[in-house]
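What follows is each chain in one-letter form.
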Amino acid sequence: MSIIKIENLYKTFNTKNGDVNALKDINLDIEQGDIFGIIGLSGAGKSTLVRCMNFLEVPTSGNVIFENMNLGKLSKKELLKARQSMSMIFQGFNLMEQRNALKNVCYPLEIAGVKKAEAEKRARELLKIVGLEDREKSYPAQLSGGQKQRVAIARALATNPKVILCDEATSALDPTTTQSILELLKEINQKLQVTIIIITHEMSVIEKICNKVAVIDKSQIVECGFVKDIFINPKSEMARKLILPKDSIMRTLKTGSYFRIIFDSNFTHKPILSELILECNYPINLIYADSIEMLKDNAVGEMVIEKTGKKDIDEKIRQYLNSNNISFEEADK
Amino acid sequence: MNVSILAADFFKYAPEIWVGILETLYMVVVSTLFSYIIGLPIGVLLCVTDKDGICPCRVFNVVCGFIVNILRSIPFIILLVAIMPFTRLVVGTTIGSTATIVPLVISAFPFVARMVESSIKEVDSGIIEAAEAMGTPTFKIITKVLIPEAKPSLIVGAAIAITTILGYSTMAGFTGGGGLGAIAINYGYYRDNTLVMVATVVLLVIIVQLFQEIGIRATRKTDKRIK
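Residues numbered from 1 in each chain as written. Chains lettered and ligands numbered in written order. Predicted model: local features only at pLDDT ≥ 70, side-chain atom pairs only at ≥ 80, totals over all residues. Heavy atoms only, no water.

Draft legend 1. Spatial organisation of the sheet that holds strand β5 (residues 69–70) of chain A. All names here are of chain A. The strand order β2-β1-β4-β5 describes an open sheet built from four strands, whose pairing is antiparallel. The open sheet is flanked by β2 (18–31) and β5, the only strands paired with a single partner. Here ten bridges tie strand β1 (residues 2–15) to β2, and the two strands are oriented antiparallel to one another. From the neighbouring strand, Thr-12 faces β2, where its bridge partner is Asn-21. Across the sheet, helix α1 (residues 46–53) touches β1, β2 and β4 (61–66), and the angle it forms with β2 is around 60 degrees. (Pairing = 2+ DSSP bridges. Helix = DSSP H or I, 4+ residues; strand = E, 2+ residues; numbered from the N terminus. Contact = heavy atoms within 4.5 Å. Axes fitted to C-alpha atoms, helices over the stretch in contact; angles between N-to-C directions.)

Draft legend 2. Looking closely at the packing of helix α5 (residues 97–121) of chain B against helix α7 (residues 138–171) of chain B. Residues and elements named next belong to chain B. At a minimum axis separation of 9 Å, α5 and α7 run at an interaxial angle of 150 degrees. Between α5 and α7, the angle is such that the two are roughly antiparallel. Read as a crossing pair, α5 and α7 show a hand that is right-handed. Residues Leu-104, Ser-107, Ala-108, Phe-111, Val-112, Met-115, Val-116, Ser-119 and Ile-120 of α5 form the contact with α7, whose participating residues are Leu-146, Ile-147, Ala-150, Ser-153, Leu-154, Gly-157, Ile-160, Ala-161, Thr-164, Ile-165, Tyr-168 and Ser-169. Tallied by class, residues from the contact of α5 with α7 come to 15 nonpolar, six polar and no charged. (Parallel < 35°, antiparallel > 145°, perpendicular 65-115°, else oblique. Left-handed = near helix turned anticlockwise from the far one by under 90°. Nonpolar A, V, L, I, M, F, W, Y, C, P; charged D, E, K, R; others polar.)

Draft legend 3. Seen up close, the environment of A:Tyr258. Mapped onto the secondary structure, A:Tyr258 falls in strand β11 (residues 257–263). In sequence terms A:Tyr258 and A:Ser327 are 69 residues apart; their C-alpha atoms lie 14 Å from each other.

Draft legend 4. Structural context of the packing of aromatic side chains. Applying the stated criterion to the full structure yields four aromatic pairs over all chains. A centroid spacing of 4.5 Å and a plane angle of 45 degrees characterise the contact between B:Tyr13 and B:Tyr187, whose relative ring orientation is tilted. One end of the pair, B:Tyr13, is in helix α1 (residues 3–48); the other, B:Tyr187, is in helix α8 (residues 179–190), with 174 residues separating them in the sequence. Since its relative accessible area comes to 8%, B:Tyr13 is described here as buried. Using a relative accessible area of 16% as the deciding quantity, one classes B:Tyr187 as buried. With a centroid separation of 5.4 Å and an interplanar angle of 50 degrees, the aromatic rings of B:Tyr189 and B:Tyr190 are classed as tilted. With respect to burial, B:Tyr189 and B:Tyr190 carry one shared label: exposed. Sitting above the plane of the A:Phe259 ring, A:Lys307 keeps its charged end 5.3 Å from the centroid. (Phe/Tyr/Trp six-rings, centres within 6.5 Å; stacked < 30°, edge-to-face > 60°. Buried < 20%, exposed > 50% of the residue type's maximum accessible area, 1.4 Å probe, protein only. Lys NZ or Arg CZ within 6 Å of the ring centre and 35° of its normal.)

That's the geometry; what it means functionally is another story.
Below is the structure:
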């Protein structure tokens, strides 16, 4: 079931130097339970897009439909209410500096009109979920970046939202902390059935946690689908650039002829190279191999092998790959 | 003149000086209070109606900002005299400490409004965005986010405002206002009693230091960013 649907969305900013089209004809369908990634370079429009989802930015035209409500048609009061089901976490954490961790988590509950004692009880439960039950009295200034983002996640969960929007939520964190925050988000997605939308410029974030991804380039969505599919077969140039930066291995190989073999989780435990050698009964030179581990239990990887130079053997390699449904491409330089 | 005669003179004026201290504190504290009652909402409104504010309203912002600027441009000593009819209308007299409060408030509230505006502007826009994303209505953003988050800066501003008002209050001595300023002028200047003059100045310095110190301590105690 779709939880957020974006139809023909345009956003234009009127600036001194003329109109800037931040988003052009965006169409997205995000389903309940998805961990949906939106990736693009900075300036591509992804932050504007996520702000259009909760109407922090009002789209110039087009519709945002959240749980069958057209956000553009809601009154101000209804919109504020809808936002309570659609939390947001930020790159800069945006915690209130003069409130301690507990009071920060209580904030959305205060706004929702929950009684103080009840709010504090709920806030304590949430701090426990994010692993900060012993830091409730700490102020943001006393917490590390990762801890602050955990408090922000607890705050985002307070009103039992259907969706959490993450705007570059891990970009200010070191790799280890990023990993732990992503794992926490994934846990929340699985345990609480919260749909998560992640804006990022980092491919690794998409790899680790998202099931679907939209690639945004120059204000438009150039590609959208399952992470696994786009990984194996990126169609747009931007997707190739972002999703397969390792594609550059093919560019660094200046001369020679190669097979680039791309395999997904179905082949994780299949000894492809050994089978190829046995099949062809010919020594095969491995140039490059890499696999990317994903939290979604999919291991995707690629391998570059040199062509043998013998037409019949190269043909055997093609046949083997085709018959096993393994994607590959050829490069002759 | 003999020092002992000067000293005797000084002690003769001690009761007046004591009353002067109390009058000064009375004028300053009450004026600051009223300046904030008027200036705080205006400062908040100036900030939120700004084009980058949470509730932009250009017309109000420009008009209100213009009035504040005009009031701030009038020197206190001129304002003091110019609004005497108004002062009489409000408190029934133009002399004494209570009468001084009226021009003090009119002169200080625009200043307070600007101080409040700049304190509130310091609040991180990300925090305001987060509050909006959590569905906070505009008025609650002011009461639950802007003012609490700006509190340390507002306290610093209050300490500055109170010392400025203290400075203004002494000028009122020229037109029959009360307090230490009047004593400095009437006894120190007109009667040429240097010791009384010096004593009032020292007392004023001590009072300023006191307010400043209280302000700094209160900020340190409230601000949770420093730890």
